[in-house]
There are 2 protein chains.
Amino acid sequence: MGILRKTKSVKILLEEFDKKSSAISAITLVERLASELNKTTVYRVLDKLEEDKVLHSFLGKNGHKWYAKCNGCSVSGHQDSHPHFQCSDCGKVDCLSTDVLIPKIPNRKVDVSQVLLQGKCEECYV
Amino acid sequence: MGILRKTKSVKILLEEFDKKSSAISAITLVERLASELNKTTVYRVLDKLEEDKVLHSFLGKNGHKWYAKCNGCSVSGHQDSHPHFQCSDCGKVDCLSTDVLIPKIPNRKVDVSQVLLQGKCEECYV
DNA sequence: TTATATTTGCAACTCAGTTGCATTAGTATT
DNA sequence: AATACTAATGCAACTGAGTTGCAAATATAA
Ligand SMILES: [Mn+2]
Ligand SMILES: [Mn+2]
Ligand SMILES: [Zn+2]
Ligand SMILES: [Zn+2]
């Protein structure tokens, strides 16, 4: 059922995602907000913001959870199947708008695709 | 430095991968072999078999570790950047030989790509 | 202002994976 | 075949991301 009330926790978390457009790991949010919010609350609010399609989540290269703002998404149409890029130098993670075409796989029906690219980001790329 | 000795543990683990060609999660191996091998040993031998390019690893949809036999890989040329497919029905995970083409990403240098597809496998696909 | 349900904090838990260390067992040498 | 050497193993304890149950706090509607 998602977010029902505009609580302090919701506002604090949304502010973090307004500050910059790149993705933020749950771990980072928990430690960055440790003085204001409880760990459990952070995880629970992130969950609900995802249900509400305000954020979307994916797994980074260690299998840890990352969240990013949904861009072209509404409740009617949710577009979270884009690739993500994690910089091996600075660790920054971004949503990519470039489409990765998944070819037809023989004898299989593909429903979901997760693409995580790694390399150097714009700032770290000499 | 990888595997140096042909121990009982190495043989037991390699047998599991000879039985069938699909990938096996570390969790499954730990519990399946619990009566013969210690959990720590399973993880350590898997690590070394990967160093030796006998196996390769990747993360499944929950961020848990999976291993599969390397097919066209030698020590000189290791090809582990193929896509993987996890069946949402039966849970089976396979290496795919179909190539997923990663387009050029503006201002970024892509070194590694992880592609995990989910859907129905050949047996579960009606 | 009161009533009600949602949200929060806390502490304890889960579980995949790791680490330190003493013991065991491959392997090469005699 | 016995010895010495070192890698590999088992065990127990640990780590850390994420979860759960429950009582207290707080947003919202009446
Ligand atoms: Mn994204
Ligand atoms: Mn594979
Ligand atoms: Zn970078
Ligand atoms: Zn299946």
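Given the structure is predicted, the values throughout are model-derived calculations rather than measurements. (Residues numbered from 1 in each chain as written. Chains lettered and ligands numbered in written order. Predicted model: local features only at pLDDT ≥ 70, side-chain atom pairs only at ≥ 80, totals over all residues. Heavy atoms only, no water.)

K.L.:
Looking at this structure, I do not really get the sheet that holds strand β2 (residues 55-59) of chain B. What am I missing?
P.N.:
Strand pairing within a sheet occurs via backbone hydrogen bonds; the two strands may be parallel or antiparallel. Residue and element names in this part refer to chain B. Ordered in space as β1-β3-β2, the three strands form an open sheet in which the pairing is antiparallel. Whereas interior strands pair on both sides, the edge strands pair on one side only; in this sheet they are β1 (24-25) and β2. As defined by bridge partners, β2 adjoins strand β3 (residues 65-69) across five bridges and the pair is classed as antiparallel. Bridge pairing in β3 places Ser 57 opposite Tyr 67. (Pairing = 2+ DSSP bridges. Helix = DSSP H or I, 4+ residues; strand = E, 2+ residues; numbered from the N terminus.)

K.L.:
Quick question: what am I supposed to make of the packing of helix α1 (residues 8-19) of chain B against helix α3 (residues 39-51) of chain B here?
P.N.:
Angle between the axes and distance between the axes are the two parameters that describe a pair of packed helices. Residues and elements named next belong to chain B. Contact pair α1 / α3: the axes reach a minimum separation of 10 Å and the direction vectors enclose 75°. Accordingly, the angle class assigned to the pair α1 and α3 is roughly perpendicular. Counting all contacts with α1, which are made through Ser 9, Val 10, Leu 13, Leu 14 and Phe 17, the residues of α3 involved are Thr 41, Val 42, Val 45, Leu 46 and Leu 49. Residue classes in the contact of α1 with α3 are distributed as eight nonpolar, two polar and no charged. (Axes fitted to C-alpha atoms, helices over the stretch in contact; angles between N-to-C directions. Parallel < 35°, antiparallel > 145°, perpendicular 65-115°, else oblique. Contact = heavy atoms within 4.5 Å. Nonpolar A, V, L, I, M, F, W, Y, C, P; charged D, E, K, R; others polar.)

K.L.:
What is the right way to look at the coordination of the zinc ion (ligand 3) in this model?
P.N.:
A metal bound by six donors in octahedral fashion has ideal angles of 90 or 180 degrees, whereas one bound by four tetrahedral donors has an ideal angle of 109.5 degrees. Summarising the metal site, the zinc ion (ligand 3) is bound by the protein donors A:Cys87 (SG), A:Cys90 (SG), A:Cys121 (SG) and A:Cys124 (SG), whose distances to it range over 2.2 to 2.4 Å. A residue is classified by how much of its surface remains accessible, and A:Cys87, at 1% relative accessible area, is buried. (Donors = N, O, S within 2.8 Å, 3.2 Å for Na, K, Ca; no water. Buried < 20%, exposed > 50% of the residue type's maximum accessible area, 1.4 Å probe, protein only.)

K.L.:
How should the relation of the copies chain A and chain B be read in this particular structure?
P.N.:
Note that the two copies of the chain are related through a rotation about an axis and a translation along the same axis. Take chain A, turn it by 180°, move it 0.0 Å along the axis, and it overlays chain B with an RMSD of 0.0 Å. Classification of the inter-copy transformation places it as that of a two-fold axis. When you check the interface residues of chain A against chain B, 100% turn up at the interface there too, and the contact is symmetric in its surfaces. (Least-squares fit on C-alpha atoms with pLDDT ≥ 70 in both.)

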